[in-house]
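Letter by letter, the chains look like this.
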Amino acid sequence: MADTKREIERKYEGPPAGGDAPLPDLTGVPGVSGVIDKGVAELDATYYDTADQRLATASLTLRRRTGGDDAGWHLKLPVSEGVRDEIRAPLSDTVPEDLTALVRSRIREAELVPVVRLRSARDIRHLVDASGDLLAEVSVDRVRAERLSGGEDTGRGTGTVEWTEIEVELADDGDPAFLDKVEKKLRKAGVNRSSSPSKLARALAETAPQRKKRGEAGPEPGNGTQPTPVSAGDHVLAYLRAQRDAIIELDPAVRRDVYDSVHRMRVATRRLRSAFRSYGKVLDRTVTDPIGDELKWLAAELGVGRDQEVLTERLTTALDDLPPTLVMGPVHTRLSTWAGARGSGSRQRLLAVLDGQRYLDLLTALDALLADPPLLKAASKAPEKEIAKAVRKDFTKVSDLIGQALDLPPGVDRDLAMHEARKKAKRTRYAAEAATPALGEPAADLVKSMKSLQTLLGDHQDSVMAREALRELAGLAYAAGESSFTYGVLHGREEQRAAAAEAALPGEWESIAGQGGV
């Protein structure tokens with residue numbers, strides 16, 4: 001079973017391979033009381049990737065390593081600069097399925113093959129404080145890299161390369177500011193940061209076929225950029241590309257059940273689908289609508305467990321806020337049992353979706369659309385005109401729906417009308433997000449306004465769903481011979497919250513409408 005370790009480290013250039021790599025006296029670093037020599041470890045790592053290096057392009061590394069105290073399979077996922085999550089699995093002859101699943105959104109159906117072998121002699125030192133607790137591990141690595149595939153000698157590169165580097169890794173739960181203190185000492189000794197983000201990136205760059213030596217070649221893996229958007233089509237495609245990338249990047253986090261990852265992936269699918277519909281004059285909807293249908297399917301699958309979690313949290317919070325004298329019967333137990341039954345199997349179902357062919361086909365369809373977008377005539381127009389027109393059209397739809405909701409008396413019809421207005425407000429918000437780089441402050445202001453409106457209408461809809469759940473719970477309690485009094489109290493409080501949202505809507509909308517949109 002794979003486990004996770006948060007890795008915070010910095011890499012520094014060493015002298016040419018074979019030379020000395022003296023370190024300064026690190027006992028001079030504030031907080032360091034001792035430097036303990038831990039000896040030299042011989043490490044042998046084989047890195048795996050697709051033939052076209054999809055993992056390296058995304059700054060992901062997957063390796064099988066022997067030697068040292070953490071032999072096994074390691075998958076490193078970038079978190080931020082110098083910070084990575086290392087997912088570990090036991091040593092085996094083939095790539096563990098757990099790790100393959102975490103890179104599925106990148107590799108799709110491509111085969112993982114050995115690309116580089118790195119053999120390192122790691123001279124290790126521990127920096128400890130006055131209590132003997134570890135602050136950081138400093139190592140001097142003498143590395144020999146061998147290209148295993150796609151790196152034949154072509155006269156511009158070689159199949160092997162050697163170098164020396166210094167690596168400083170923060171101890172678990174350590175203060176990242178300590179690395180600044182170590183770096184200050186290293187810089188005074190003439191030791192500078194490495195220009196490569198990882199050993200693998202350096203090995204790939206220096207052994208690449210038809211490439212000049214490192215420092216003269218093109219961008220290293222993970223550093224690709226897109227041209228600055230100019231036309232309306234450029235801006236829409238940039239927004240779509242960002243959402244496609246978000247889905248792919250969030251896939252491993254969703255599989256690992258990282259907090260809020262399901263919600264964020266779901267939002268990305270909705271943003272894509274909304275953009276397809278809002279900018280139907282820019283992209284041919286005969287092409288985008290089928291993809292939009294698949295995005296709707298994925299959003300629904302992502303929402304199976306998420307919606308239940310949100311509803312349960314709302315009901316639990318409301319129950320906890322009640323005075324004990326208003327809680328009659330085993331309400332907490334009833335709510336917990338009900339939530340568990342409704343959420344049972346949702347995670348297994350979601351993982352099956354992410355491993356399924358339908359999901360992979362959707363990712364491939366998004367890639368194909370962005371590689372060869374079905375642009376219409378309006379795509380070539382200035383964004384100030386075409387994009388603004390699309391946003392105004394969505395804003396008008398919201399206005400009409402708000403008017404319809406306010407004209408209805410409280411009840412089911414008004415609830416439905418407010419729910420429709422909420423969905424259109426969300427769509428307008430996403431359209432304005434896509435427009436912000438082109439239209440600037442007016443679009444950014446509209447994003448804030450629609451987010452505020454969406455929050456108000458969302459709280460109303462959450463109350464509608466909570467009241468449905470409370471009626472169901474009350475029925476279950478009654479059938480079991482339990483008191484249903486508390487569910488009625490909670491239902492009444494939810495009615496009050498809905499009424500408050502309805503009462504606030506006219507003023508909220510008047511304020512937004514007065515801004516005039518974009």
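Calculation rules
- Residues numbered from 1 in each chain as written.
- Predicted model: local features only at pLDDT ≥ 70, side-chain atom pairs only at ≥ 80, totals over all residues.
- Heavy atoms only, no water.
- Axes fitted to C-alpha atoms, helices over the stretch in contact; angles between N-to-C directions.
- Helix = DSSP H or I, 4+ residues; strand = E, 2+ residues; numbered from the N terminus.
- Parallel < 35°, antiparallel > 145°, perpendicular 65-115°, else oblique.
- Left-handed = near helix turned anticlockwise from the far one by under 90°.
- Contact = heavy atoms within 4.5 Å.
- Nonpolar A, V, L, I, M, F, W, Y, C, P; charged D, E, K, R; others polar.
- Salt bridge = Lys/Arg side-chain N within 4 Å of Asp/Glu carboxyl O.
- Buried < 20%, exposed > 50% of the residue type's maximum accessible area, 1.4 Å probe, protein only.
- Pairing = 2+ DSSP bridges.
- Polar contact = N/O pair within 3.5 Å; in protein donor to acceptor, adjacent residues only side chain to side chain.
- Patch = residues over 30% accessible without salt bridge, like charges linked within 9 Å, V, L, I, M, F, W, Y side chains within 5 Å.
- Areas by Shrake-Rupley, 256 points an atom, 1.4 Å probe, with all protein chains shown as cover.
- Lys, Arg positive; Asp, Glu negative; His and termini not counted.
- Charge placed at Lys NZ, Arg CZ, Asp CG, Glu CD.
- Core = buried A, V, L, I, M, F, W, Y, C linked by side-chain atoms within 4.5 Å.
- Phe/Tyr/Trp six-rings, centres within 6.5 Å; stacked < 30°, edge-to-face > 60°.
- Lys NZ or Arg CZ within 6 Å of the ring centre and 35° of its normal.

Asker: How should I be thinking about the packing of helix α9 (residues 331–343) against helix α14 (residues 441–479) in this particular structure?
Answerer: A packed helix pair is summarised by two numbers, namely the angle formed by the two axes and the spacing between the axes. Between α9 and α14, the shortest axis-to-axis distance is 11 Å and the interhelical angle comes to 115 degrees. By the angle class used here, α9 and α14 are roughly perpendicular. As for the relative orientation of α9 and α14, their crossing is right-handed in sense. Note on element contacts: α14 touches α9 through A469, E472, L473, L476 and A477, opposite R334, L335, W338 and R342. Residue composition of the contact of α9 with α14, grouped by class: 6 nonpolar, no polar and 3 charged.

Asker: Is there a simple way to explain unusual backbone geometry in this structure?
Answerer: Phi angles above zero are rare outside glycine, and R108 is one such case at about 55 degrees. Phi angles above zero are rare outside glycine, and D257 is one such case at about 60 degrees. With respect to the helices and strands, D257 occurs in the loop between α6 (232–255) and α7 (261–278).

Asker: Would you mind going over the pattern of salt bridges with me for this structure?
Answerer: Side-chain pairing between opposite charges can occur once the charged atoms of the two side chains come close. Under the counting rule described, the total for this entry stands at 56 salt bridges. As a salt-bridge pair, K76 and E86 come within 3.4 Å of each other at their nearest N and O atoms. With K76 in strand β4 (residues 72–80) and E86 in strand β5 (residues 83–89), this residue pair connects regions lying 10 residues apart in the sequence. In terms of burial, K76 and E86 fall into one category: buried. Two residues, E494 and R314, come together in a salt bridge whose shortest N-O distance is 3.0 Å. With E494 in helix α15 (residues 485–513) and R314 in helix α8 (residues 285–320), this pair connects stretches of sequence that are 180 residues apart. Here E494 and R314 have matching classes, each one buried.

Asker: Mind showing me how you'd approach the pairing of β5 here?
Answerer: Every other side chain in a regular strand lies on the same face of the sheet, so the side chains alternate between the two faces. Among the 7 residues of β5, 6 are classified as buried, and the element is accordingly described as predominantly covered. Bridge analysis of strand β1 (residues 3–13) against β5 gives 6 bridges, and the strand direction is antiparallel. Counted as the bridge partner of T4 is I87 from β5. Relative to β5, β4 runs antiparallel, the two sharing 7 bridges. Bridge pairing in β5 links P78 to R84. Where β4 folds back onto β5 in an antiparallel hairpin, the turn is made up of 2 residues, including G82, whose phi is positive at roughly 80 degrees.

Asker: How do you make sense of the side chain of T207 when you look at a structure like this?
Answerer: Assignment of secondary structure puts T207 in the loop between α5 (199–206) and α6. At 3.0 Å, the side chain of T207 and the side chain of R147 are in polar contact. In terms of polar contacts, T207 uses its side chain to reach the backbone carbonyl oxygen of A203, at 2.6 Å.

Asker: Whenever I open this one, a positive patch on the surface confuses me. Can you help?
Answerer: Residues R277, K281, K296, K393 and K397 make up a contiguous surface patch of positive charge. Mapped onto the secondary structure, K397 falls in helix α12 (residues 383–407).

Asker: Help me understand the side chain of K5 in this model?
Answerer: You can see K5 is positioned in strand β1. Here D172 takes part through its side chain, which lies 3.4 Å from a polar atom of the side chain of K5. Look past the residues within four positions of K5 in its chain and what remains in contact with it is R84, D85, E86, R88, E169 and D172.

Asker: So what exactly am I meant to see when it comes to the sheet that holds β1 here?
Answerer: The strands that make up a sheet pair up through hydrogen bonds in the backbone, lying either parallel or antiparallel. Here we have 8 strands rolled up into a closed barrel, ordered β1-β5-β4-β3-β2-β6-β7-β8, and antiparallel in their pairing. Strand after strand, the sheet turns through a mean of 35 degrees between neighbouring axes, direction not considered. Relative to strand β8 (residues 160–170), strand β7 (residues 134–147) runs antiparallel, the two sharing 11 bridges. Paired with R144 across the two strands is E162, which belongs to β8. Running over the sheet, helix α4 (residues 177–188) touches β1, β6 (113–128), β7 and β8 and is turned about 20 degrees from β1. Across the sheet, α5 lies against β1, β2 (34–49), β3 (61–66), β6, β7 and β8, angled at about 135 degrees from β6, the strand it touches most.

Asker: I keep staring at the environment of A121 and nothing clicks. Help me out?
Answerer: In this structure, A121 sits in strand β6. The exposure class of A121 is partly exposed, given its relative accessible area of 23%. The sequence separation of A121 and V29 amounts to 92 residues, and the corresponding C-alpha distance is 25 Å. Those residues within four positions of A121 in sequence are excluded, and the remaining contacts are V40, A41, E42, V140, D141 and R142.

Asker: I would appreciate a short explanation of the nonpolar core in the present structure.
Answerer: One recurring pattern in soluble globular proteins: nonpolar side chains tend to sit buried together. Within the largest apolar cluster, 67 residues are counted, with the highest numbers of intra-cluster contacts made by L240, Y279, Y359 and L453. Tallying contributions element by element places helix α13 (residues 412–439) first for this core, with 11 residues. Aside from chain neighbours lying at most four places away, what touches L240 is L272, A275, F276, L283, L369 and L370. If you look at the next biggest cluster of nonpolar residues, it comprises 18 residues, including A339, L473, A474 and V489.

Asker: Whenever I open this one, the packing of aromatic side chains confuses me. Can you help?
Answerer: Two aromatic rings, taken as a pair, are described by how far apart their centres are and by the angle between their planes. On inspection of all chains with the given rule, the structure shows 2 aromatic pairs. On the numbers, 5.1 Å between centres and 55 degrees between planes, the contact of Y48 with W73 is tilted. Remark: W73 occurs in strand β4 and Y48 occurs in strand β2; sequence separation between them is 25 residues. The exposure class of Y48 is buried, given its relative accessible area of 14%. Under the relative-accessibility criterion, W73 is labelled buried at 0%. A cation over a ring is seen here: R358 above W297, with NZ or CZ 4.2 Å from the ring centre.

Asker: What is the right way to read the environment of D52 from this model?
Answerer: Among the secondary structure elements, D52 is positioned in the loop between β2 and α1 (54–57). Along the chain, D52 and I107 lie 55 residues apart, while their C-alpha atoms are 9.6 Å from each other. There is a polar contact of 2.7 Å between the side chain of D52 and the side chain of T50. At a separation of 3.1 Å, a polar atom in the side chain of D52 contacts the side chain of R54.

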